[in-house]
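Below, each chain spelled out in residue letters.
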Amino acid sequence: MDLKFNNSRKYISITVPSKTQTMSPHIKSVDDVVVLGMNLSKFNKLTQFFICVAGVFVFYLIYGYLQELIFSVEGFKSCGWYLTLVQFAFYSIFGLIELQLIQDKRRRIPGKTYMIIAFLTVGTMGLSNTSLGYLNYPTQVIFKCCKLIPVMLGGVFIQGKRYNVADVSAAICMSLGLIWFTLADSTTAPNFNLTGVVLISLALCADAVIGNVQEKAMKLHNASNSEMVLYSYSIGFVYILLGLTCTSGLGPAVTFCAKNPVRTYGYAFLFSLTGYFGISFVLALIKIFGALIAVTVTTGRKAMTIVLSFIFFAKPFTFQYVWSGLLVVLGIFLNVYSKNMDKIRLPSLYDLINKSVEARKSRTLAQTV
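In the annotation of an unreviewed UniProt entry, the protein chain is listed under the name Adenosine 3'-phospho 5'-phosphosulfate transporter 2 and assigned to Homo sapiens. Taken from UniProt, the Sequence similarities (unreviewed entry) comment for the protein chain reads in full: "Belongs to the nucleotide-sugar transporter family. SLC35B subfamily." Under the Subcellular location (unreviewed entry) heading, UniProt states for the protein chain: "Membrane".

Given below as structure tokens:
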């Protein structure tokens, strides 16, 4: 904006930049949603939705396929923590590259907070990856769908929260579905081990806590996603490296992967890259359309992941997987409905009876006429 003063006539001329003129590079439009260098704000809502959904499905389906493919390599099942170490290294590099592309590179969140977040991230991803050495991939995915259970338990015992009927019903459905799915896995899967259930359950607990800590830190300090990724995963990398060194687990894993570099490091790179891209589209989906649509899309993606797992990787199958999976999906729907009761209005029993009575009256009147 230019201000011009004229002493003879004493007026002020104000020139406002047109829309085509660019703003300062340090100022970005609040409406801009940029994913992988692509500005989605230039497209209409429907196109944005299809781009985000396509990104979530494509990248996360490849992510799930590669994760199971890595653990299908003979002898790799004991290298779950080393895979997490490599994954954290790649995520740190990706976060550093993305951070260089933005104007403000300052670290906003305190280091102590990042140390806590990194510890929880290590627990979430490390235990989740390691559990695949003991569980079928579909069982792990089903457990991941049920984050609500540890969240509710923590809310009751730690914060003294009270939940409505929909939340309690959702937790019951998820619990029953998990029990049924796990029992089916224990009877059909030859490599089932209760250790895997314990590991993925602990990963779920860490995952339930980390979401709240990350959200609070990012809102409080106004930090970017790339900053969060860079510092949490780089500090987590140091944690895992120290842990593997102290437990003598680093040497055997490095030796094994060195013998199969393409099937280990190559798959791990693609696995990490697709996971990093996938989370970018999920965050964009949440920002544009809200958590309700994002949860619906990601749930559909997880269901597709389970189906593809049975198609591409030979494993025993029973219809008990289907019924228990549907119970978990019902629990997820009830959880989403509980958080969005003002947006989702289901008909009550009274409304259904009234509609049925009115329909009968209309049919009777039509027959009389």
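*Asks:* For this particular structure, what's the right way to read the packing of helix H2 (residues 80-100) against helix H10 (residues 261-289)?
*Replies:* For any two helices packed against each other, one specifies the crossing angle of their axes together with the interaxial distance. Put simply, H2 and H10 touch, their axes get as near as 9 Å, and they point 50 degrees apart. Considering the angle they form, H2 stands oblique to H10. The two elements H2 and H10 cross, and the hand of that crossing is right-handed. In this structure, H2 uses Tyr82, Leu83, Val86, Gln87, Phe90, Tyr91, Phe94, Gly95 and Glu98 to contact H10, whose residues at the interface are Tyr265, Ala268, Phe269, Phe271, Ser272, Leu273, Gly275 and Tyr276. Split by residue class, the contact of H2 with H10 holds 12 nonpolar, 4 polar and 1 charged.

*Asks:* What should I look at first to understand the packing of helix H1 (residues 45-71) against H10 in this one?
*Replies:* Contact geometry for H1 and H10: axes closest at 8 Å, N-to-C directions at 150 degrees. Taken as axis vectors, H1 and H10 run roughly antiparallel relative to one another. Every pair of crossing elements has a handedness; the one defined by H1 and H10 is left-handed. Of the residues assigned to the contact of H1 with H10, the class counts are 23 nonpolar, 6 polar and 1 charged.

*Asks:* Would you take a moment to explain empty space enclosed by the protein for this structure?
*Replies:* Leftover empty space is mapped by rolling, across the atoms, a probe with the size of a water molecule. Summed over all chains, the structure comprises 1 cavity of 30 Å³ or more. Empty space within the largest cavity amounts to approximately 40 Å³. Lining the largest cavity we find Phe76, Tyr82, Leu83, Val86, Cys257, Thr264, Tyr265 and Ala268. Secondary-structure elements contributing two or more residues to the lining of the largest cavity are H2 and H10. Taken together, the residues of the lining of the largest cavity break down into 7 nonpolar, 1 polar and no charged.

*Asks:* Before we go on, may I ask you to explain helix H4 (residues 137-144) in this structure?
*Replies:* What sets the pattern is the α-helix's 3.6 residues per turn: residues three or four places apart point alike. When you tally the buried positions in H4, you get 7 out of 8 residues, the bulk of the element. Those residues of H4 not exposed but buried are Tyr137, Pro138, Thr139, Gln140, Val141, Ile142 and Phe143.

Calculation rules
- Residues numbered from 1 in each chain as written.
- Predicted model: local features only at pLDDT ≥ 70, side-chain atom pairs only at ≥ 80, totals over all residues.
- Heavy atoms only, no water.
- UniProt positions renumbered as here; feature names shortened; annotations may be inferred.
- Axes fitted to C-alpha atoms, helices over the stretch in contact; angles between N-to-C directions.
- Helix = DSSP H or I, 4+ residues; strand = E, 2+ residues; numbered from the N terminus.
- Parallel < 35°, antiparallel > 145°, perpendicular 65-115°, else oblique.
- Left-handed = near helix turned anticlockwise from the far one by under 90°.
- Contact = heavy atoms within 4.5 Å.
- Nonpolar A, V, L, I, M, F, W, Y, C, P; charged D, E, K, R; others polar.
- 1 Å grid on protein atoms, 1.4 Å probe; cavity = no way out; pocket = protein on both sides within 12 Å on 5 of 7 lines; lining within 4 Å.
- Points joined across faces, edges and corners; volume = space filled by probe spheres on them.
- Buried < 20%, exposed > 50% of the residue type's maximum accessible area, 1.4 Å probe, protein only.

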